[in-house]
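A structural walkthrough
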Amino acid sequence: MGMFDKIRKNQAMISVPLGAAARKPARPSQEAAIPPAKSKEMSPEDTNIFAKCPACNAVLFTEDITENQMVCPRCQHHLRLSARQRLGYTVDEGSFVEMDAELAGNDPLQFPGYENKLRAARAYTGLTEAVVTGYATIQGEPVMIAVMDGNFMMGSMGAAVGEKITRCVEEATRRRLPVVIFTVSGGARMQEGLVSLMQMTKTSAALGRHGEAGLLYITVLTDPTTGGVTASFAMLGDIILAEPGALVGFAGKRVIEQTVKQSLPEGFQRAEFVMDKGFVDAIVPRRELPGRLGQLLRLHHQEVRHG
Amino acid sequence: MDEQMTPVSAWERVEHAREAARPTAKTYIDGIFTDFVELHGDRRFGDDQAVIGGIGRLEGRPVTVIAQEKGGDTKEKIARNFGCANPEGYRKSQRLMRQAEKFGRPVLLIVDTQGAYCGIGAEERGQGQAIAENLQLMMQLSVPAVAVLIGEGGSGGALALASANRVAMLENAVYSILSPEGFAAILWKDAARAKEAAGLMRMTAREVYAMGIVEEVIPEPPGGAQEDVQAVAQAMKDFFLRSLEELDAMDTSTLREDRYRRFRRMGDCGLDPQNG
């Protein structure tokens, strides 16, 4: 969570040149269930024909990036996606049925400025909260899916995010469906204090029940997944996939550097590093994700179960 | 002075919770349990001394005890990493909780940490994964789990041992999403505003109780727990006994349902902001 402002800087680097693209629905036909972005920040600048990759600094046609699912065609850097873009790239067209779209939390600490921050995040993203949940099919396989959105207060988890994920998982348990969660988060949401922290246990508990029912849970870690989300549902998947280069960790880089008083090794907390340490099953490029998810879902689609 | 309504400000509580003279977990283990046998190691990587685990008796009944220990003198504080556990600490606790389950012993937890350790090795060995697994395991336990926060309850590192059926806080203990310094650094980019943050975070025992996140606040004598350790240990013991009496009456599925419901209701949500 100490990586908060670092991330925000990166975020700005990415979303300034690619602002409109980052919010533009990938498949308009699929957006019916999700409210469209009512961004006040749409400006002529957002229709730039050129964009700069934040990783390799190559100046590219914006269209070449958007048509490549927001992956830099030059260096394969995976840019961050909005929740609805992610759904567009992942689930079968027209299959997504959103649940709890309007669900919102309280302001349990009555924290100064929080209401305004929420309002701004809602206006910016067109979402009510930092996760979108619902039912969908992936390559024909039915799933309950939760997709976090890093544009909404850094994808931080407060009561509403915890509640939406919990309800999504409980629904999956009821309907005996697998769960797929795409994570992107700065961690537990500071402005909701301890209530945010409790969501870690709440979501983990719901997934525990889902698991006890013999059902499959797949996590897809995307850039960045940190803090209380890493220390709860992100790390509980039966199968944990990650996008190339995604930052995945518990503590922020700056906090660690301050604690240990040394600089961090190359590639520290990147998906490849985390896989090398044994905490990720596979790194899957964005284009291959629907296929890989479909394959895994089919492998678990059994009529006869043992045990 | 800030404009705190209560006579003791949140920041004063934080200072109490961190006081050098404040009794640590070992003191309470000695004061509450008899026949205590410490068990070491996670059977995977090492033995994390920030977490003490073992078996003892509570009024004659065998129980599993898991506690975060900050250490007494400087040498011990260093050995115990100031109570900041590495993944091995959480995996030791998992091992001992599974063992408790096997032998039908309740799990009693004493929580006192600034937070899980933020080190290179901790990340390499999956700090997030170790905490996540702890949360999930605690929620699935077939035996009662009861926790008391005795000092600092910092972040996921504390929650990992506090996902219990019943949780109490000592009067001067604090429980928060992050240390006030970390909180101020993230939100205002200024760790020096920790005092101000503490006032807003609702981290004191009374505030946490008011939010419905703990069941009880255990009073401390004026001047803090160190002024009468025996009385505080006795009050903790009473809380453990009272909680177990209630939880013993539940069968396994009720016990687990009780724990699930306890956390399920946290964080009101809904279209009506007042009644989620």
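Everything below is about the structure shown above.
Residues numbered from 1 in each chain as written. Chains lettered and ligands numbered in written order. Predicted model: local features only at pLDDT ≥ 70, side-chain atom pairs only at ≥ 80, totals over all residues. Heavy atoms only, no water.

The interface is formed by 63 residues belonging to chain A together with 52 residues belonging to chain B. Interface area, chain A with chain B, both sides summed: about 4,800 Å², of which 67% is carbon and sulfur. Applying the counting criterion to the chain A and chain B interface returns four salt bridges. In this structure, Glu212 of chain A engages Arg256 of chain B in a salt bridge whose closest nitrogen and oxygen atoms are separated by 2.5 Å. Put simply, chain A and chain B have 16 residue pairs in polar contact (both at pLDDT 80 or more) between them. Elements represented by at least two residues in the side of chain A that touches chain B include exactly helix 1 (4–15), helix 6 (159–175), helix 7 (193–212) and helix 9 (253–260) of chain A. Counting residues per element, the side of chain A that touches chain B draws most heavily on helix 7 of chain A, which supplies 17 residues. Of the residues in the side of chain A that touches chain B, the class split is 33 nonpolar, 19 polar and 11 charged. (Contact = heavy atoms within 4.5 Å. Buried area = accessible area lost by both parts, 1.4 Å probe. Salt bridge = Lys/Arg side-chain N within 4 Å of Asp/Glu carboxyl O. Polar contact = N/O pair within 3.5 Å; in protein donor to acceptor, adjacent residues only side chain to side chain. Helix = DSSP H or I, 4+ residues; strand = E, 2+ residues; numbered from the N terminus. Nonpolar A, V, L, I, M, F, W, Y, C, P; charged D, E, K, R; others polar.)

Take a nonpolar patch on the surface next. Together, Ile49, Phe50, Val59 and Phe61 of chain A give the surface a local cluster of nonpolar side chains, amounting to about 410 Å² of exposed area. Taking the relative accessible area as the measure of exposure, Phe50 of chain A reaches 43% and is therefore partly exposed. (Patch = residues over 30% accessible without salt bridge, like charges linked within 9 Å, V, L, I, M, F, W, Y side chains within 5 Å. Areas by Shrake-Rupley, 256 points an atom, 1.4 Å probe, with all protein chains shown as cover. Buried < 20%, exposed > 50% of the residue type's maximum accessible area, 1.4 Å probe, protein only.)

A few words now on the side chain of Gln68 of chain B. Residues and elements named next belong to chain B. Tracing the chain through its elements places Gln68 in strand 3 (residues 61–68). In this structure the side chain of Gln68 is engaged in a polar contact, spanning 3.0 Å, whose partner is the backbone nitrogen of Asp112. In this structure Gln68 touches Ala25, Ala50, Val51, Tyr90, Ile110, Val111, Asp112, Thr113, Gly157, Ala158 and Leu161, once residues within four positions along its chain are discounted.

What follows covers unusual backbone geometry. The omega torsion across Asp223 of chain A and Pro224 of chain A is -15 degrees, close enough to zero to call that bond cis. Note on placement: Pro224 of chain A falls in strand 7 (residues 217–225). With a phi angle near 70 degrees, Gln269 of chain A is a residue other than glycine that sits in the positive phi range. Structurally, Gln269 of chain A is set in the loop between helix 9 and helix 10 (271–276). Here Ser155 of chain B, not a glycine, exhibits a phi torsion of approximately 60 degrees, which is positive. When you line up the elements, Ser155 of chain B lands in helix 7 (residues 155–159).

Most often, soluble globular proteins keep nonpolar side chains buried together rather than apart. In terms of nonpolar packing, the biggest core is built from 170 residues, with Ile145 and Leu241 of chain A together with Tyr28, Tyr175 and Met236 of chain B touching the most fellow members. Looking at which element gives the most residues to this core, the answer is helix 7 of chain A, with eight residues. Counting 10 residues, the second-largest nonpolar core is a separate cluster that includes Cys53, Ala58, Cys72 and Leu81 of chain A. (Core = buried A, V, L, I, M, F, W, Y, C linked by side-chain atoms within 4.5 Å.)

So, about the packing of helix 7 of chain A against helix 12 (residues 252–264) of chain B. Viewed as axis vectors pointing N to C, helix 7 of chain A and helix 12 of chain B meet at an angle of 140 degrees, and their least axial separation amounts to 8 Å. The angle between the axes of helix 7 of chain A and helix 12 of chain B places the two elements in the oblique class. Of the two possible hands of crossing, helix 7 of chain A and helix 12 of chain B adopt the one that is left-handed. Across from Met198, Thr201, Lys202, Ala205, Ala206, Arg209 and Glu212 of chain A in helix 7 of chain A, the residues of helix 12 of chain B making contact are Arg256, Glu257, Tyr260, Phe263 and Arg264 of chain B. Taken together, the residues of the contact of helix 7 of chain A with helix 12 of chain B break down into five nonpolar, one polar and six charged. (Axes fitted to C-alpha atoms, helices over the stretch in contact; angles between N-to-C directions. Parallel < 35°, antiparallel > 145°, perpendicular 65-115°, else oblique. Left-handed = near helix turned anticlockwise from the far one by under 90°.)

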